[in-house]
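Letter by letter, the chains look like this.
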Amino acid sequence: MSERSEPRPEPGRRVRRRDRHGRGLRGPIAPSHVPIAKSRGERFDDLVLDAVDRLRPRWGTQLASVEFAVEEVPPANELIDGPTRLSSDPIPLGRAESPSGQDPAAVIVYRRPLEARARDRDQLGTLVFDVVVEQVASLLGLAPETIDPGYDDRH
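Predicted model, so just to flag it, every value in this text is computed and none were measured.

1. Let's talk about the nonpolar core
It is characteristic of soluble globular proteins that their nonpolar side chains tend to be buried jointly.
Okay, so step 1: Residues L55, V109, V128 and V132 are the most contacted members of the largest nonpolar core, which totals 25 residues.
Okay, so step 2: Elements with a minimum of two residues in this core: α1 (40-63), β3 (106-110) and α3 (121-140).
Okay, so step 3: Considering each element in turn, this core owes the most residues, nine residues, to α3.
Okay, so step 4: Once you skip the residues sitting within four places of it in the chain, V109 turns out to touch F44, V48, A69, V70, E71, L93, G94, L114, V131 and V132.

Next comes the structure, spelled out in structure tokens:
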């Protein structure tokens, strides 16, 4: 019987030094500094931030106290048609929350419904921008065309 040079793992715990084909563990596919290394959620967050940055030169003072957030899907209570719904679409793409008590005003954009509607990244960027414009307009009590003069041309 030969002796082992490696210590035995604790019972119930496996130590893997190689994959099942003996080539070693996989590393990242791309370096962390290239765009392809970002997850879909991170890329979507960047689109929302880009949309807000496009509005800041004109609406910076009004948006200074507004928080922008991304959620995967709308909560179940928003899926029911109600008088507060802005569009006839059964699934909301975002919402605006007025400030209440300690909570600042907020614009929330829903990632999955927007990704489902977009053909490609360019269209997704346009959809995200339109939703941010619509929600900011709702929050400020203005028309979307006032927030972004090009909004009317896209609709």
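2. Considering the sheet that holds β3
Okay, so step 1: Ordered in space as β1-β3-β2, the three strands form an open sheet in which the pairing is mixed. For this open sheet the edge positions go to β1 (67-71) and β2 (94-97), each flanked by a neighbour on one side alone. Recorded for the sheet is a direction-independent mean angle of 15 degrees between the axes of neighbouring strands.
Okay, so step 2: Where β2 meets β3, four bridges bridge the pair, whose relative direction is antiparallel. Each residue of the ladder has a partner; that of A96, found in β3, is V107.

3. Digging into the pattern of salt bridges
Okay, so step 1: Scanning the entire structure with this criterion turns up nine salt bridges.
Okay, so step 2: Across the salt bridge formed by R95 and E97, the nearest N and O atoms sit 2.8 Å from each other.
Okay, so step 3: Exposure remark for R95: the relative accessible area of 18% places this residue in the buried category.
Okay, so step 4: Here R111 makes a salt bridge to E115, at a shortest N to O gap of 2.8 Å. Taken together, the residues span about one helical turn, with R111 and E115 both in helix α2 (residues 111-117) at a distance of four residues. Both residues of the pair, R111 and E115, count as buried.

4. Considering the packing of aromatic side chains
Okay, so step 1: The full count for this structure, using the stated rule, is zero aromatic pairs.
Okay, so step 2: Sitting over the face of the ring of F129, R54 holds its NZ or CZ atom 3.6 Å from the ring centroid.

5. Considerations on the pairing of β3
Okay, so step 1: Across the five residues that make up β3, a large majority, five, are buried.
Okay, so step 2: Burial along β3 is two-sided: the face carrying A106, I108 and Y110 and the face carrying V107 and V109 are both buried.
Okay, so step 3: Examined bridge by bridge, β1 and β3 share five bridges and lie parallel to one another. Residue pairing in the sheet places A69 in a bridge with I108 of β3.

6. Here's the deal with the environment of E97
Okay, so step 1: Take E97: it is sitting in strand β2.
Okay, so step 2: Among the residues examined, E97 registers a relative accessible area of 32% and is labelled partly exposed.
Okay, so step 3: In sequence terms E97 and Q135 are 38 residues apart; their C-alpha atoms lie 9.0 Å from each other.
Okay, so step 4: Residues in contact with E97, not counting those within four places in the same chain, are A105, A106, I108 and L139.

Rules of the game
Residues numbered from 1 in each chain as written. Predicted model: local features only at pLDDT ≥ 70, side-chain atom pairs only at ≥ 80, totals over all residues. Heavy atoms only, no water. Core = buried A, V, L, I, M, F, W, Y, C linked by side-chain atoms within 4.5 Å. Buried < 20%, exposed > 50% of the residue type's maximum accessible area, 1.4 Å probe, protein only. Helix = DSSP H or I, 4+ residues; strand = E, 2+ residues; numbered from the N terminus. Contact = heavy atoms within 4.5 Å. Pairing = 2+ DSSP bridges. Axes fitted to C-alpha atoms, helices over the stretch in contact; angles between N-to-C directions. Salt bridge = Lys/Arg side-chain N within 4 Å of Asp/Glu carboxyl O. Phe/Tyr/Trp six-rings, centres within 6.5 Å; stacked < 30°, edge-to-face > 60°. Lys NZ or Arg CZ within 6 Å of the ring centre and 35° of its normal.

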